[in-house]
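Fold and geometry: a report
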Amino acid sequence: MMPAITIRDTTSGSQAQVLPELGFNLFQFSVTVQGQTIEVLDADEDFAEGNVKPSRCGIPILFPFPNRIDAGKFSWDGKEYQLPTPKPGAHYIHGFCLDRPWRVTEQTESSVTAEFQLSKDAPDRIDFWPADFIIQCTYLLRGNALKSQFTFKNPDSKPLPWGFGTHAYFKIPLSEGSSVEHCLLEAPAHQQWKLENFIPTGERVPVTEANDLTDGAYYSTLKLDDVLTDLKPDGKTLMCSIVDEGAGLQTVQECDGRFRELVVFTPPGRNAVCLEPYTCPTDAINLTAKGIECGWETLAPGAEHHTWIDIRLEPIMA
């Protein structure tokens, strides 16, 4: 079993567990509300033993690109790249750091910080990307909230192309007295990327009745693996939520307004949903090469970028 790090907010009773050895995946987060301990995230009971794919539990961290690259192929600065896919034509998925050990650099009772550098922590993958990178993550518990802060750095002499996302699996329902039929998903997404074999064609179309979450949609009516966009945040931040009417509770994910895509995935056979904020869509490096503006970014040598995502559990406001 891999050693997990536990952080706690002693005032509120909130607790979280993270696995530095497996992509710094925070796989457990519980909050005490009205005398009940509520688990917010969904993860396999054996996840800490390393027998489950790291992309299927907790909060996988997706960098330097979220979701898929078409057939693992792209070109950058005149050079062709082929990522090692399971078979010819298969897509490469979710970046380079969700399945490798991270290095813990700081820890307190209520927080933990770790970092991952491609050349140092996955040197076998350094030739698969145009530049080296460092990603740092801090998880902090404060009351009923799990606060995460991310820093991306370019330690290389070449520009670093990048996109970022997280892939949290949220548990539903939120109490034993409720059910999935009482849970709604809400997100301010007005368009979606049209997909073919999970890859965006480059066309954005309006959301349909099947995936319109703007006014809330009941989880039991949804079957989603969609890249939603045209997010219209309330103010400077983006918020999406899972409202459990039966429990009288909601899970709220709030993040930096620079996140411009939200992947919503209802994993088959599980009482869980993924609400995945991305800075760019699937296959963004190839969309950009086609002249399609999609939020793909480049970090200059020596530069860094900061962003944040908060998750909190709270009573539904009347």
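These notes cover the structure that comes with them. Fair warning: this is a prediction, and the values are worked out from it, not measured in the lab.

**Some points on the pairing of strand β13 (residues 145–153)**
- Of the pairings in the sheet, the one linking strand β12 (residues 134–142) to β13 comprises nine bridges and is antiparallel in character. Of the residues in β13, the one forming a bridge with T138 is Q149.
- Two successive antiparallel strands, β12 and β13, enclose a turn made up of two residues, where G143 displays a positive phi of approximately 65°.

**Some thoughts on the packing of aromatic side chains**
- All told, the structure shown has 21 aromatic pairs when counted by the stated rule.
- Aromatic side chains F74 and W129 sit 5.1 Å apart centroid to centroid with 55° between the ring planes, which places their arrangement in the tilted category. In this pair, F74 is assigned in strand β7 (residues 73–76) and W129 in the loop between α1 (118–121) and β12, connecting sequence segments 55 residues apart.
- Judged by its relative accessible area of 3%, W129 is buried.
- Judged by centre distance (6.3 Å) and plane angle (75°), the rings of W129 and W296 are edge-to-face. Of this pair, W129 sits in the loop between α1 and β12 while W296 sits in the loop between α2 (284–289) and β26 (297–299), placing them 167 residues apart in sequence. The two residues W129 and W296 agree in class, both being buried.
- Members of the aromatic cluster, joined through ring pairs, are F24, F63, W102, F116, F133, Y139, F150, F152, W162, F164 and F259.
- The side chain of R68 reaches across the aromatic face of F198, ending 4.3 Å from its centre.
- Lying over the aromatic face of W193, R204 brings its terminal NZ or CZ to 5.7 Å of the ring centre.

**With respect to the sheet that holds β13**
- As summarised here, the arrangement of the nine strands in space is β10-β11-β12-β13-β27-β23-β22-β17-β20, forming an open sheet in which the pairing is antiparallel. Two strands close off the open sheet at either side, each with one partner strand: β10 (103–107) and β20 (217–218).
- Pairing of strand β11 (residues 111–117) with β12, which is carried by seven bridges, proceeds in the antiparallel orientation. Residue A114 lies in a different strand from β12, and its bridge partner there is C137.

**Focus on empty space enclosed by the protein**
- According to the stated counting rule, one finds four cavities of 30 Å³ or more in the structure shown.
- The computed volume of the largest cavity comes to approximately 60 Å³.
- Every residue along the wall of the largest cavity is listed here: I59, Y139, L146, S148, F150, T166, A168, Q253, I309 and I311.
- Where the lining of the largest cavity is concerned, the elements lending two or more residues are β13 and β27 (304–315).
- The element that contributes the greatest number of residues to the lining of the largest cavity is β13, accounting for three residues.
- For the lining of the largest cavity, the residue count by class is seven nonpolar, three polar and no charged.
- As a volume, the second largest cavity reaches approximately 40 Å³.

**Some words on the sheet that holds strand β1 (residues 5–9)**
- The sheet built from four strands is open, its strands ordered β1-β2-β3-β4 with antiparallel pairing. This sheet does not close on itself; its edge strands, each paired only once, are β1 and β4 (36–39). Adjacent strand axes in the sheet meet at a mean angle of 20° when their direction is disregarded.
- Sheet analysis places strand β3 (residues 25–33) next to β4, joined by four bridges and oriented antiparallel. If you follow V31 over to β4, its bridge partner there is I38.

**Structural notes on a negative patch on the surface**
- Where like charges cluster on the molecular surface, the negative patch consists of D44, E45, D46 and E49.
- One can find E45 in the loop between β4 and β5 (61–62).

**So, the nonpolar core**
- Of all hydrophobic cores here, the largest spans 86 residues; its most connected members are W129, I135 and Y139.
- Not counting residues up to four positions away in its chain, the partners in contact with W129 are P64, F65, I69, F74, Y81, F96, L118, L160, P161, I285 and W296.
- Membership of the second largest hydrophobic core comes to eight residues, among which are L19, L22, F47 and V52.

**Observations regarding the layout of surface pockets**
- In this model, the largest pocket occupies a volume close to 570 Å³.
- As for the largest pocket, its lining consists of 25 residues, and the residues nearest its centre are K53, S55, R68, I93 and H94.
- Elements that contribute at least two residues to the lining of the largest pocket include exactly β9 (92–93), β24 (261–265) and β25 (272–278).
- Considering only residue class, the lining of the largest pocket consists of eleven nonpolar, seven polar and seven charged.
- Of the volumes computed, that of the second largest pocket is approximately 210 Å³.
- Around the second largest pocket sit 13 residues that line it, and W76, Y81, P130, A131 and K158 are the ones nearest its centre.

Each value, and the rule that gives it
- Residues numbered from 1 in each chain as written.
- Predicted model: local features only at pLDDT ≥ 70, side-chain atom pairs only at ≥ 80, totals over all residues.
- Heavy atoms only, no water.
- Pairing = 2+ DSSP bridges.
- Helix = DSSP H or I, 4+ residues; strand = E, 2+ residues; numbered from the N terminus.
- Phe/Tyr/Trp six-rings, centres within 6.5 Å; stacked < 30°, edge-to-face > 60°.
- Buried < 20%, exposed > 50% of the residue type's maximum accessible area, 1.4 Å probe, protein only.
- Lys NZ or Arg CZ within 6 Å of the ring centre and 35° of its normal.
- 1 Å grid on protein atoms, 1.4 Å probe; cavity = no way out; pocket = protein on both sides within 12 Å on 5 of 7 lines; lining within 4 Å.
- Points joined across faces, edges and corners; volume = space filled by probe spheres on them.
- Nonpolar A, V, L, I, M, F, W, Y, C, P; charged D, E, K, R; others polar.
- Axes fitted to C-alpha atoms, helices over the stretch in contact; angles between N-to-C directions.
- Patch = residues over 30% accessible without salt bridge, like charges linked within 9 Å, V, L, I, M, F, W, Y side chains within 5 Å.
- Areas by Shrake-Rupley, 256 points an atom, 1.4 Å probe, with all protein chains shown as cover.
- Salt bridge = Lys/Arg side-chain N within 4 Å of Asp/Glu carboxyl O.
- Lys, Arg positive; Asp, Glu negative; His and termini not counted.
- Charge placed at Lys NZ, Arg CZ, Asp CG, Glu CD.
- Core = buried A, V, L, I, M, F, W, Y, C linked by side-chain atoms within 4.5 Å.
- Contact = heavy atoms within 4.5 Å.

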